[in-house]
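# Summary of structural features
Below, each chain spelled out in residue letters.
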Amino acid sequence: MKQFIGFFRKEFIHIIRDFRSLMILLLMPVIMMLIFGYAINMDIKNAGIAIMDMSGDDMTREISDKILSSGYFELNEVISDQSRVEELFKEGKVKEVLVFEQDFARKYNSEGVAKVQILADASDPNNANMLVNYTNGIIANYLIQKQFSEFLPLQVQSRFRYNENLESVYMFVPGLIALLAMLISTMMTSISITREKENGTMEAILVSPLKPWQIVLGKVAPYAFIALSNLIVILLMGTFVFGVPYRGNLFLLLAVCILFILMALSLGILISTISSNQLMAMIISMVGLLLPTILLSGYIFPIENMPDWLQYISHIFPARYFITALKAVMLKGLGFLYIWKEILIIFGMMMLFLGVSIKKFKIRLA
Amino acid sequence: MFAVEAHNLVKKYKDVQALNSLNFKIEQGEMYGFIGPDGAGKTSLFRILTSLLIPNKGSATVMGHDVVKDYREIRKISGYMPGRFSLYPDLSVEENLQFFASVFKADIQENYHLIKDIYSHIEPFKKRRAGKLSGGMKQKLALSCALIHKPEILFLDEPTTGVDPVSRQEFWEMLGRLQKDGLTIVVSTPYMDEASRCDRIAMIYRGDILAEDTPEAICNMVDGELWSAAGAQGYNLLIFLRSCSECVNVYPFGQEVHFQFHGDHENMQEKVREQFPDVILREIRPSVEDVFLNLSADAAKEKEVLNG
């Protein structure tokens, strides 16, 4: 025990002495949370729009009003000349232009067909797609109401469960925990263990009576502390700053997070046993783990939209299971019985990483 | 029981043979030195003896414990100071010592008498980071850390490399006092002049032990007379002597040229003076370095013959 405390103390001094890295480690979750919470916003609000109404009758005005009062759009300009459309898009002031043809209401009433054109700036394809869908939806709604002015035979009501207002930040909390666990637990532990190899201090530690698990535990424990404190910061900021609800059992939520952090730590140990220097450890953690965690875990891009082969690959990244499990507990309030599979997979991965690490840990110099 | 016993130790790396079948025995309480240039195999040997490497062939015991099988025991009873500075530069002097004490389950207060002689030199700087110490102080700290758990045997791999001459002197005096207290010390060094500090030395070159004895006995190993020639035209002198049939093992030694001589002095001296009027010729007592240069030249020749 005395050995362990000595080791732990030494490791903590390393971290504290390296003030800049420490600040990065402690402030990173706060900064990332703020960035992800505020800046990266996938919701559409007040997109600039221009309307070219060549008809100017009641019907086009009603449609325009509906669209502008939806909250998604904001009228930037009313234009009368087709050539202005191009200019507006180039200036980047509007994301969408709505064009009503001449004699819109008359044609609708006499011929039964009237034309409205939606032009969207697709230099941002996702955004354009959403804007066009919203506009289509609003116009379709208007038509249904007009046709069956008093009595609606078919009523469509949609509700978004678990995240009623479609807040992006709900999605980012689980993703951010996964990202930081990977960054701090995996990358930092693998770097700090390989640093001892690189500096030759491993030689001095190996000739001591310390057992491999004592060395590894001593190196890992301080980072576990930092990862835990980061976890708490993220969770607290989530509810108090961004109002993310924690609907499930708080203990289960914490248990899932801690399990994931432990898994990330064992992964860090594994990386350190196979890499001979800090650079290699960093590249493996960054390229091999951090990027896939962001891209393939369903954190930002839905897994269902990926081609099959990428979907298969995404199965080997533990963050995928963590995010699924955490969303279930956090947003849906589900219990252990709904996520035991994910928990089991993460636990299995942890045991696998630990087992291989212990087997591969060199009690001698290679 | 011998402190260290090695039988036919062989260590190979991918494309280098670091040790060719080494045999030696080190008595308890002895100060034993491995003398040889860089790349002779000293570090590989020390790492095998401290259980950090496994030999490809042969066996070795330290205080009766096998270096492969009983590595745990060896790690408890031996102190090891690696050739590379292996302390934590961002930890202070005091923190480094505390760390190594805790790792070896030793108590600094209890064992302070062991390191007092050495640690007192660096104690005034105990709050300083180890990375900011001078070369000599770093080595003193490393030695303190290797001693704090009261080892029975001490392995020092090139402890004086990169240390100024005054600190080197001090360092060897400290080792002498530790030996008096009953510690077995195995040390390696590339500096031939340090050999005389050891009870016995082994000259190691390209993985072979060329000779093993007390420093005095080693110095007497040169057969024939050893002469030194000093003059302004050092290089021409060397070429000339190498062309003489009576001179063997001609090699540059600092500013001088050393050579072994068979035959009549008077004749030889005259012959040399004819060519180099300003030359100073004298017969000298061989130093450890002379012996080493002699033996390694022979060994290299032998290898050439073998490789044919």
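Model, not experiment: these values are computed from the prediction. (Residues numbered from 1 in each chain as written. Chains lettered and ligands numbered in written order. Predicted model: local features only at pLDDT ≥ 70, side-chain atom pairs only at ≥ 80, totals over all residues. Heavy atoms only, no water.)

### Remarks on the side chain of S275(A)
Residues and elements named next belong to chain A. We apply this condition: The helix count covers DSSP runs of H or I at least four residues long, the strand count covers runs of E at least two residues long, and both are numbered beginning at the N terminus. Burial classes follow relative accessibility: with a 1.4 Å probe on protein chains only, a residue under 20% of its type's maximum area counts as buried, one over 50% as exposed, and anything between as partly exposed. As used in this structure description, the phrase polar contact means that two N or O atoms lie within 3.5 Å; if the pair is within protein, one of them must be able to donate a hydrogen and the other to accept it, and residues adjacent in sequence are counted only when both atoms belong to side chains. Here, residues are in contact when the closest pair of their heavy atoms is within 4.5 Å.
Its place among the elements puts S275 in the loop between α10 (250–274) and α11 (278–296). Its relative accessible area of 1% is what places S275 among the buried residues. Here I271 takes part through its backbone oxygen, which lies 2.6 Å from a polar atom of the side chain of S275. In this structure, S275 is in contact with T194, K197, M280, A281 and I284, ignoring residues within four places of it in sequence.

### Observations concerning the environment of V163(B)
All names here are of chain B. Tracing the backbone shows V163 in the loop between β7 (153–157) and α6 (165–180). Owing to a relative accessible area of 11%, V163 belongs among the buried residues under this scheme. Through-space distance from the C-alpha of V163 to that of G136 is 5.2 Å; in sequence the pair is 27 residues apart. Those residues in contact with V163 that lie beyond four places of it in its chain are G135, G136, Q139 and R168.

### As for the domain arrangement of chain B
Going by this rule: Boundaries of every domain are those given by an automatic assignment or by a domain database.
For chain B, the assigned domains are domain 1 (4–214) and domain 2 (225–285). Centre-to-centre, using C-alpha coordinates, domain 1 of chain B lies 40 Å away from domain 2 of chain B.

### Brief notes about a nonpolar patch on the surface
Residue and element names in this part refer to chain A. So the rule is basically this: Exposure above 30% relative accessible area and the absence of a salt bridge qualify a residue for a patch, where like charges join within 9 Å and nonpolar side chains (Val, Leu, Ile, Met, Phe, Trp, Tyr) within 5 Å. With residues, only the protein chains shown are counted as cover, and all accessible areas are computed by Shrake-Rupley using a 1.4 Å probe. Note on definitions: salt bridges are taken to be side-chain nitrogens of Lys or Arg within 4 Å of carboxyl oxygens of Asp or Glu.
Residues L279, M282, I283, M286, V287, L291, L295 and F301 make up a contiguous nonpolar surface patch of roughly 740 Å² in combined accessible area. Looking at the secondary structure, you find L291 in helix α11. Residue classification places L291 among the partly exposed positions, given a relative accessible area of 44%.

### Some details on the interface of chain B and chain A
Test applied: Here the quantity called buried area is the accessible surface, traced with a 1.4 Å probe, that two parts lose on coming together, added over both.
Every contact between the two is made by 33 residues of chain B and, on the other side, 27 residues of chain A. Both faces combined, the contact of chain B with chain A buries some 2700 Å², and carbon together with sulfur accounts for 58% of it. Its largest share of buried area at the contact with chain A, chain B owes to L52(B), R75(B) and Y88(B), together 22% of the area lost on that side. Connecting chain B to chain A are two salt bridges. The shortest N-O distance in the salt bridge between R47(B) and E203(A) comes to 3.0 Å. Between chain B and chain A we count 16 residue pairs in polar contact (both at pLDDT 80 or more) in total. Listing elements by their share of the side of chain B that touches chain A, those giving two or more residues are α2 (71–77) and α3 (93–103) of chain B.

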